[in-house]
Structures are given as structure tokens and as C-alpha cells.
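# A look at the structure
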Amino acid sequence: MYKINFIGIFFLVILFNSCSKEKSNQIKVIGVSQCSDDAWRRTMNDEILREASFYHGVEVSIKTAHDSNQQQIRDIESFIADKVDLIIVSPNEAIPLTPVIEKAMQEGIPVILVDRKISSGKYTAFVGADNYQIGKEVGVYTANLLNGKGNIAEIRGLKGSTPDSERNRGFMSVIEKYRNIHIVYQDYGDWLRSHAKDKMTQALQKNIPIDLVFAFNDEMATGAYEAITLKSGIKKPLILGIDALPGTEGGIQKVISGILDATFIYPTGGEKAIQTAIHILNNEPYERDNALYTAVVDKTNARVLKLQTDQIIQHQNRINQLNTVLNQNLAKYSTQRIMLVSSLLVLFLILILLILLIRAYSSKNKSNKILESQNIAINKQKEELSQQRDQLIVLSKNLEEATQAKLVFFTNISHEFRTPLTLILGPLDSLMDKENLTNEGKKLVQLMRKNVHILLKLIDQIIDFRKYENGKMQMEFTMTDLKTFIQDITDSFLEFGKKKQIHFSFKASDEDFTLWFDSDKMEKICYNLLSNAFKFTGENGKIDVQLSKIDLNGEPYAQLTVSDNGTGISDHHIHSIFERFYKIDSRAAGSGIGLHLTKVLVEMHNGIISIKSEEGKGSTFTVQIPFKQKEIALVEQYPLLKTPSDREEDLMILESEEETEETVNLQTDKPLILIVEDNNDVRKYIKSLLTESFETIEASNGQIGLFKAMKFVPELIISDVSMDTMDGFELCKQIKENISTSHIPVILLTAYALDEQRAIGFESGADAYIPKPFNESLLKIRVRKLIENREKIKAYFQKNLTFGERKENVPEMDKSFINKFRKLIEDRLIDSDLNVDEIGKSLGLSRVQLYRKIKSLTNYAPNELVRIIRLKASEQLLLNSEKTISEIAYDTGFSSPSYFAKCFKEYFNESPTDYVKRIK
């Protein structure tokens, strides 16, 4: 980046300030809307423009409506659209103009009213004479001229305008006091000379004697005078007007000429309007109502006033000339300054360009030196990276050796496991065949046999995996009918599919599928793909197996597809699904080598395996095996495959992961326990331990467990931690945070016994945490003690109707729940119609949930607890009030005194009367 020296920056600042000086004073635009183009308003416009010229940066735009309400509304709308800074309005009529002026105020544009007001108070300021006061002063002057006696013709202004109505009201307030003064004619001249002339002509035609004509402005007074001069044979009445404008056509000159007998000064207020506008725009204090005063002009003072106004006009014309000259000089100065600034700016840019060229040359030399030093550093880094690469190669080799050592260790251990597992499996088979076991004993032996087979299957997978890793896995190809082979395997899954209510089918094309393959390896491929499909397909799902013949690169291939509409696999996981030790969910059961081993076995057949899947819609695995194999090892006889009983064991292993339907007996007195565990065998085992003393229900994951907990409200929950959909920690948290289940004790079981996980378990609200493998006696003791503690709390509550000193064993949510329940009863103690449904609705629980919640906490049914609370309240009233037993019965919500006495005797073992006598 190039730098500019300090002198250059200073010079640039001077230029910028010079160029932007005008812009620093923002132009303030004032819109002026005049209702008409009469002489009075032209005078006001001159005053506005002259006064505005004294303020720098003020621009005035004047629009005239020519007595049209609609035109004036359009003018103001245009000012609003142009976003002027302020609007000065002389309204034509009050009511029609009110909405558009209020709109301007809503848009944030200040509005100054001149001469006339609107029908609401929504404006910023008002400048104008007090029309009522002017009318009043005209009335006093008129009464004096007529000596309290005479006829008056009144020619008013525009109907509906505020000056008209206020002048008339002020004038009449005085005239009405004189009984001998009469208004013999009244009409509207619309502020125009021609209209007033017509109206006056009509008045004269009525031949009514008129002593004085009062017109609401000088123009209409002049029109009345013209009508009178045309009428011969009548005495000229006195003529009064309002405005007293200067100039040859103004009211002052007309008084001197004898056209008018008197006129009243009506100040235009243009100067005051601009002064008020400047205060508003500069956020300075201003007067909201600015009243302008009037005075009478008659033959006694007209000539003096005319001399003064003529001098003022001369001064104003001189000021206008000076303004014109000043504006011309300013324009010339502005042009010269622009040229000067432009010249200086060009010189400055040339200077900057020279500086940049010098800096560029200097920077080029510096860059060359930097590049040279960077090149040396890169060569040095290259050498260091080379050394680090060698170190990584050595480290990678060491890690590979360590990994191989671990795998050798696990393989050896796996081999060692076979002997003790054989010694376990043999005696178990003997027990099943020879001993007279009870049904429960047979179930336990069958459970042990099933899990021994699971371990043996895992060991076989590890050994096969190690054989492949060491290059020692041998393929034993035979020429066999693949269609018949797969048909036998799928037949063994048909019954399992029916149990799971899964539609399972196998279809093969009519071609001959006799080809070379290793039967043992092919069976493992098929079993792994089918077991995966069944594992991830729910009830009423669908699994299709298809065998077809395809041509691939000019060679015939057998194509096996296994499709399901189960959970599917996301795009994030699908690319890693065949990697060794890879599991989509690290918490799920399994070693993570099943699909990797399947891929290995397919590739050893010189085949291809692929997958297409969409999350939530299912998966399709495709295996392609060539009909012809090169350099294969043949066997002389068909290898020994799994017997039907072996396949039955495999299906039993697969079945062990599925949840079975259960029936729940809620009529028994045994406490109900919910077992949440994703392993079916572990669930059955825990159930077998508890079934003698407890009624049990089961759930295969946390989400189902939460649903059953809310539905059945058990006495205790035993849950595994690592589960799909919802784990044990989340289940425990949800249980403890839900008002209908928060009281239920939770025991967490897990294969992970780290202190951090125990801390998470207790943080989520668990009452006990037992690691796997667990001791049968320990589990039974923890279950029994937790339920006993709950029973002791219930017994204490039954005795004292409070949790008392045992409240530390009761969750805060449950204490709050009981307090809310009790307060609800006490607040509606007198309400005998209060029922369990209303209470449940108030507490956010159904009738069944409320019953189980109250029963679990207090050992009372809700109705019993309500009755006991009422009886306790009645006991206090009996001891501390002078009410009768009948009054107390009704005050505590009992339907009748007899029913109260019966309930009281059942609870306290004596009647209310005897109880009071004994106590007192």
C-alpha cells in the first residue's frame, strides 16, 4: 500500500473543505400553498420571499390553488411527495383541507397555518390576525358610525372558511346588542369583487334602505361600491372593508379616494411565518399561536399610513435590487471558486501521481529483495518438510506395526475365547436336553445359548477379517446353482419376516445361474445383507431380494439386489459405510466390520458391491459376481454349509434385537416398573429378575419409554443409557421435567462407568446409577429401597398431610404441584361442585394422569385428598369460629350437614359435636 506524506494530506483536506463548503449548509425547502391569487395573498407572497432571502440556505416554492380545494390538496400532496422540510398553508376551507394537513404532520413535516385554521388542532404553528376580534372591532366602529341606529348589508367571504365564520361571529356579537341596528341583507361574495358586485346589485333591487355596507375584504367592498354607483336615485351608504393593503389598488388608497369610508388593517403575516419556520427548522423555541393585531384606517389617518407604506415599498424594492446584485456576484464568485478548486485539484493529482511513481519504483526494489529472502525461506522450509515427511513415514510404520500387534492380540484372544465358550455351550445344551427345568429356567438357558452364539459369530468375523488382512483367507470355489443356493437362504428368513410383519420376497429371472463361487463366503454375504435389511426395516415394511443376469464389460455377471424401505442412510454416511470399524451411530451395538467384511468377500469373488440409499426411504445393496473365475482353487466336493439348526440360531440372534408385544396388568397390587433397554435379551433378563415381586412393562428406546411412562405412570423406571432415537440421559431429563412423571425414580444402567458419565446421569435427575454387568442382588436392593422410600413418604403425607422433614426427598416440581393442588382446593373450598376433571384441567393434566400422580405422591385418590383438605379446614373452623356445624359444612364445600358429619366421623373417629365438646 502506498503512503501519502503529511503535506499532501493537509493539502487534500483544504481542497475538500473548499469544495464541500456549500454542501455543509444543507438547503432547507419550504413549500407555500396559497388558496387564491388575490392582492392580499400576493402581498403575503412578496413578504415571504423577501424575508426568506435574509436566511442563507432557504429555498421557497409557492403554489396557488385559485380557490379550489382539490387543487390545494394536490399541491400539498406534491410537497409531501417531494419531502420538503416545512409547509406553509393558507387553507381555502377548513374541513376539506384538514386530512391532507394531518397527513403531512404524520409524515414528520411541520405545518404552519397562515390567516386560516383547520378543523383540528394537528398543526405546528398558526400565524394570522384574530378574525373574531377584527369582526368585533368592525362591529364597535359600525355602531358608533350609525349612532346605534340603521340598516346594514353584510357581504361575507367564502362559505365554510374560518375567516368568514369568525369575522361574522365577532361582528354579530356586537351588533346584536343594538336593537335599532338591523342586518337587512346578507350573502356570500366568495372574496371576489365581481361576486360582491352581483350580490350588492341584488340587495339594491329589493329597495330596502341601506345605511352601511360591511364587506369582509376591500375587494368585495370595491365591488359593492361599483354596484351602488350604477344605481341612481339612492343615497350612498357607508362602505367598510378589511385588508388595508398598500399600493394604488390597495384599501388605503381607496379610503383616500372616497371609494371606502374605512378599512381595517388585516396583516398578511408573511414575515412572521418565515421567522417562525426558521425557528422550527433550527429546533429553536417558537410560539405556536402568533396573533397579529388590526387597526382602523379612515380619512383621519389614511394619508399618513399611505406615506409610510410607500416608503416601505420603496425600501423593499431597493432591498430586492440589492438581493439581485448580490445573487449575481455570488454566482460569479461561485464559478471562479469552482475553477480555482478544479485547478488546484488537477495540480494535486499530478503531485500525487509523481509521488506514486517514486513510491512504485522504491516498492519494486523492496519487493525484489523480499522475494529473494522468501525464496531462501521456502527452500529452508522445503528441507524441513522433507525431514518431517521422513519422520511421518517412520511414525506411520510404527503405528502400523502397533496396530498389527493389537490385531494379532485380539485375534489370539478371539481364539482363546472359543475354548471357554465351548465349555459354556456344551453344558447349556446338556441342561436343555437332560435336565427337568422350569419354564423360567429354560428361558434363561436359551438366553445364555443365544448370547454364546452371538459371541462366536463376532469371533468368526474377527478371525475372517484377520485372515484377509494377512492374506491367508482361502477361496474354495465350486460350480453351483446360485439361484437354488440363495432360495435356501431366503426360505429360512420367511418365518422371521412374518413375525416382524414384513413383506419379504425373493425373485429370480429364468436364466441358468450355475457359476463358480465359494459357498461359505457367499452365505456370509447373503446373511449379512439380509440381517442388515431386517434390522433397519420396521413393521409393515418391505424387503425384496432379486437375482438377475447382466452384461458388464462384455462379460456375464449374476446381480443380487437386496432392497428395503427402512430407515435408509444419509449422504454423510453412505460413502464410509464399507470402511472397517465404521458405525453410523457410535452408540449402536455391533463391531463395525460386518459390511466391510461383506465387501471383502465380494471382491474376493472378483465382484462388485454398491449401495443406493435415501434417508427415511430405504436402501438397496447390489452385488455383482462374474460367471467365470480366473485362477481359482477348486474343491472336489460340495462344502459343508450351515444346517437348518445353525441358521435357526442365526435367526434367534437377529430376533433378540426385536421388541415383542406385551400385555400390562394394571389391576394387580404389585408395583409397576418400566424397563427401557434396546437389547431384547437384557430386557427379558431384567424382567425375569423382577417379575416375581413387580409388574413390568418394556420399551426398546427412550422415545417409546417416555410415551409409556406418561401413559402408565409406573412406580419406577430402569433405563439403559446408550440407545438410538433417545438415550437414557435425555429420557431421564424428560421424565423429571414433566409434571405427570417427575415423581418417578429412575435407575440408569450402562456399560460405561466413567465418573463423567455418572455425573451426567445424576445431573439429568437419575436416582441411581448401576454399571453393567450388574449384580442381580444389587439391582433388586436398589429397586426395593427406592420404592420403600416412596412408600414412607406417602405414609408420612397421609399422617401429616404434608411432606414435612422428608421434603428433601421430594422433587421441587412435585412439592410445587401438591401446593398448587392444595391452594386450588382451599381457594374454592365453598364450591361443592368442584370435581376431579376441573382440578385436572386447572393443573394441565387429564383425569387419569391426575389420579396416578396424586396416588403416587400421597397414596390418596384425588377425591379422597380433596375431602381430607375440606375436613382439615372444617376442624379449624370448629375450633376457632362461632359458626354452627351446618354453616361450617356448607362453608367447606359439603353438600349437606349429614354428609359432612358422616365424613368427619370416618376421618376423626367421632362426630363434630363430640369433637368440639372434647376439645373445649
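Residues numbered from 1 in each chain as written. Predicted model: local features only at pLDDT ≥ 70, side-chain atom pairs only at ≥ 80, totals over all residues. Heavy atoms only, no water.

## A look at the overall build of the chain
- Each helix and strand in the chain was counted, giving 30 helices and 24 strands.
- Here the chain holds 920 residues, and the buried ones make up 43% of them.
- At a minimum sequence separation of 6, the contacts of the chain that also span at least 24 residues come to 69%. (Helix = DSSP H or I, 4+ residues; strand = E, 2+ residues; numbered from the N terminus. Buried < 20%, exposed > 50% of the residue type's maximum accessible area, 1.4 Å probe, protein only. Contact = heavy atoms within 4.5 Å.)

## Quick look at the pattern of salt bridges
- Per the counting criterion, the structure on display carries 27 salt bridges.
- Taking the shortest distance from any N to any O, the salt bridge between Glu219 and Arg193 comes out at 3.4 Å. With a gap of 26 residues between them, Glu219 in helix H9 (residues 218-230) and Arg193 in helix H8 (residues 193-205) connect regions that are remote in the sequence.
- The shortest N-O distance in the salt bridge between Glu226 and Arg193 comes to 3.5 Å. Of the two residues, Glu226 is situated in helix H9 and Arg193 in helix H8; the sequence distance between them amounts to 33 residues.
- Bridged by salt links that share partners, the residues Arg193, Glu219, Glu226, Glu249 and Lys254 form one connected network. (Salt bridge = Lys/Arg side-chain N within 4 Å of Asp/Glu carboxyl O.)

## Some thoughts on the nonpolar core
- Ranked by internal contacts, the top residues of the largest apolar core, which has 66 residues, are Ile30, Ile88, Ile112, Met200 and Val213.
- The element contributing the most residues to this core is helix H11 (residues 270-281), with six residues.
- The next biggest cluster of nonpolar side chains, apart from the first, holds 40 residues, and it includes Phe506, Leu601, Val602 and Phe621. (Core = buried A, V, L, I, M, F, W, Y, C linked by side-chain atoms within 4.5 Å.)

## Description of the pairing of strand E18 (residues 608-614)
- Across the two faces of E18 the burial differs, with Ile609, Ile611 and Ser613 buried and Ile608, Ser610, Lys612 and Glu614 not buried at all.
- With seven bridges joining them, E18 and strand E19 (residues 618-626) adopt antiparallel strand pairing. The residue bridging Glu614 from the neighbouring strand is Gly618, located in E19.
- Taking the residues that link successive antiparallel strands as the turn, the E18-E19 hairpin has three residues, and the phi of Gly616 there is positive, at about 90°. (Pairing = 2+ DSSP bridges.)

## Looking at the sheet that holds strand E10 (residues 262-265)
- Taken in spatial order, the six strands of this open sheet run E7-E6-E8-E9-E10-E12, and their pairing is mixed. For this open sheet the edge positions go to strand E7 (181-188) and strand E12 (296-297), each flanked by a neighbour on one side alone.
- In this sheet, strand E8 (residues 212-215) lies alongside strand E6 (residues 150-156) in parallel orientation, the contact comprising four bridges. When the bridges of E8 are listed, Glu154 appears paired with Phe214.
- Helix H7 (residues 162-175) rests against E6, E7, E8 and strand E9 (238-243) of the sheet, and its axis sits at about 170° to E6.
- H9 contacts E6, E8, E9 and E10 of the sheet and is inclined by roughly 155° relative to E9. (Axes fitted to C-alpha atoms, helices over the stretch in contact; angles between N-to-C directions.)

## Remarks on the side chain of Asp75
- Along the chain, the position of Asp75 falls in helix H4 (residues 69-81).
- Nearest to the buried, unbridged Asp75 among oppositely charged side chains is Lys63, at 5.0 Å. (Lys, Arg positive; Asp, Glu negative; His and termini not counted.)

## Thoughts on the sheet that holds strand E17 (residues 555-564)
- Reading across from one edge, E14-E16-E17-E19-E18 is the order of the five strands in this open sheet, with mixed pairing throughout. Both edges of this open sheet fall to strand E14 (503-508) and E18, since each of them pairs with a single strand only. Each neighbouring strand pair of the sheet contributes to a mean axis angle of 15°, computed without reference to strand direction.
- Sheet topology places strand E16 (residues 542-552) next to E17; ten bridges connect them, and they run antiparallel. From the neighbouring strand, Ser548 faces E17, where its bridge partner is Gln559.
- Across the face of the sheet, helix H15 (residues 519-535) comes into contact with E14, E16, E17, E18 and E19 while running at roughly 30° to E17.
- On the sheet, helix H17 (residues 594-604) packs against E18 and E19 and is oriented at approximately 140° with respect to E18.

## Considering a nonpolar patch on the surface
- Where nonpolar side chains cluster on the molecular surface, the patch consists of Val346, Leu347, Ile350, Leu353, Leu354 and Leu357 and spans about 580 Å² of accessible area.
- In this fold, Leu353 is placed in helix H12 (residues 302-434). (Patch = residues over 30% accessible without salt bridge, like charges linked within 9 Å, V, L, I, M, F, W, Y side chains within 5 Å. Areas by Shrake-Rupley, 256 points an atom, 1.4 Å probe, with all protein chains shown as cover.)

## Describing the packing of helix H6 (residues 131-146) against H7
- Close contact between H6 and H7 brings their axes to 7 Å; oriented N to C, the two are set at 35°. Between H6 and H7 lies a crossing of right-handed hand. Along its contact with H6, which presents Asn131, Tyr132, Gly135, Lys136, Val138, Gly139, Val140 and Thr142, the element H7 presents Pro163, Glu166, Arg167, Arg169, Gly170, Phe171, Ser173, Val174 and Ile175.
- Tallied by class, residues from the contact of H6 with H7 come to seven nonpolar, six polar and four charged. (Left-handed = near helix turned anticlockwise from the far one by under 90°. Nonpolar A, V, L, I, M, F, W, Y, C, P; charged D, E, K, R; others polar.)

## As for unusual backbone geometry
- One non-glycine residue, Trp191, adopts positive backbone phi at about 70°.
- On the basis of relative accessible area, Trp191 is assigned to the buried category, the value being 8%.
- A positive phi angle is found at Asn540, which is not glycine, with a value near 65°.
- The topology assignment puts Asn540 in the loop between H15 and E16.

## Some thoughts on the confidence of the model for the chain
- The predicted model of the chain averages 80 in pLDDT, with 82% of residues at 70 or higher.
- pLDDT under 50 marks residues 804-808. Its contacts with residues more than four places away, or in other chains, come to six contacts. (pLDDT = per-residue confidence, 0-100.)

## Here's the deal with the layout of surface pockets
- In this structure, the second largest pocket spans a volume of roughly 730 Å³.
- Broken down by secondary-structure element, the contributors of at least two residues to the lining of the second largest pocket are helix H3 (39-52), H11 and H12.
- Its residues placed into classes, the lining of the second largest pocket shows twelve nonpolar, nine polar and seven charged. (1 Å grid on protein atoms, 1.4 Å probe; cavity = no way out; pocket = protein on both sides within 12 Å on 5 of 7 lines; lining within 4 Å. Points joined across faces, edges and corners; volume = space filled by probe spheres on them.)

## Examining H15
- Relative to the 24 Å expected for 17 residues at 1.5 Å per residue, H15 spans 24 Å between its end C-alpha atoms, a close match to the ideal helical length.
- With 13 of its 17 residues buried, H15 lies for the most part within the structure. (Expected span 1.5 Å × (residues − 1).)

## Quick notes on the environment of Ile313
- Locating Ile313 in the fold gives a position in helix H12.
- Spatially, the C-alpha atom of Ile313 lies 8.5 Å from that of Pro246, the residues being 67 residues apart in sequence.
- When neighbours within four sequence positions are excluded, Ile313 is seen to be in contact with Pro246 and Gly247.

## Brief notes about the packing of helix H24 (residues 812-827) against helix H26 (residues 847-858)
- Contact geometry of H24 with H26 gives a least axis separation of 12 Å together with a crossing angle of 110°. Relative to H26, the element H24 is oriented roughly perpendicular. Between H24 and H26 lies a crossing whose hand is left-handed. Contacts between H24 and H26 pair Asp814, Phe817, Ile818 and Phe821 from the former with Leu850, Lys853, Ile854, Leu857 and Thr858 from the latter.
- A class-by-class count of the residues in the contact of H24 with H26 yields six nonpolar, one polar and two charged. (Parallel < 35°, antiparallel > 145°, perpendicular 65-115°, else oblique.)

## With respect to helix H29 (residues 897-908)
- For H29, spanning twelve residues, the distance from its first C-alpha to its last is 16 Å, which sits close to the expected 16 Å at 1.5 Å a residue.
- Within H29 the residues assigned to the buried category are Phe900, Cys903, Phe904 and Phe908. The buried residues of H29 occupy one face: seen down the axis, they fall within an arc of 110°. Structural note: H29 exposes Ser898, Lys902 and Glu906 on the side pointing more than 90 degrees away from its buried face.
- Buried-residue contacts for H29 involve helix H27 (862-880), helix H28 (885-891) and helix H30 (912-919).
- Taken from the residues just after H29, Asn909 is the one with a positive phi, measuring 65°. (Arc of directions from axis to C-beta.)

## Description of the packing of aromatic side chains
- If you walk through the whole model with that rule in mind, you get 15 aromatic pairs.
- Centre to centre, the rings of Phe894 and Tyr899 are 5.9 Å apart; their planes meet at 55°, and the pair counts as tilted.
- Between the aromatic rings of Tyr907 and Phe908, the centroid separation amounts to 4.9 Å while the plane-to-plane angle is 85°, which identifies the pairing as edge-to-face.
- Accessibility expressed as a relative area gives 28% for Tyr907, which makes it partly exposed.
- Look at Phe908 and you get buried, because its relative accessible area is 16%.
- One aromatic cluster in this structure is built from Phe894, Tyr899, Phe900, Phe904, Tyr907, Phe908 and Tyr915. (Phe/Tyr/Trp six-rings, centres within 6.5 Å; stacked < 30°, edge-to-face > 60°.)

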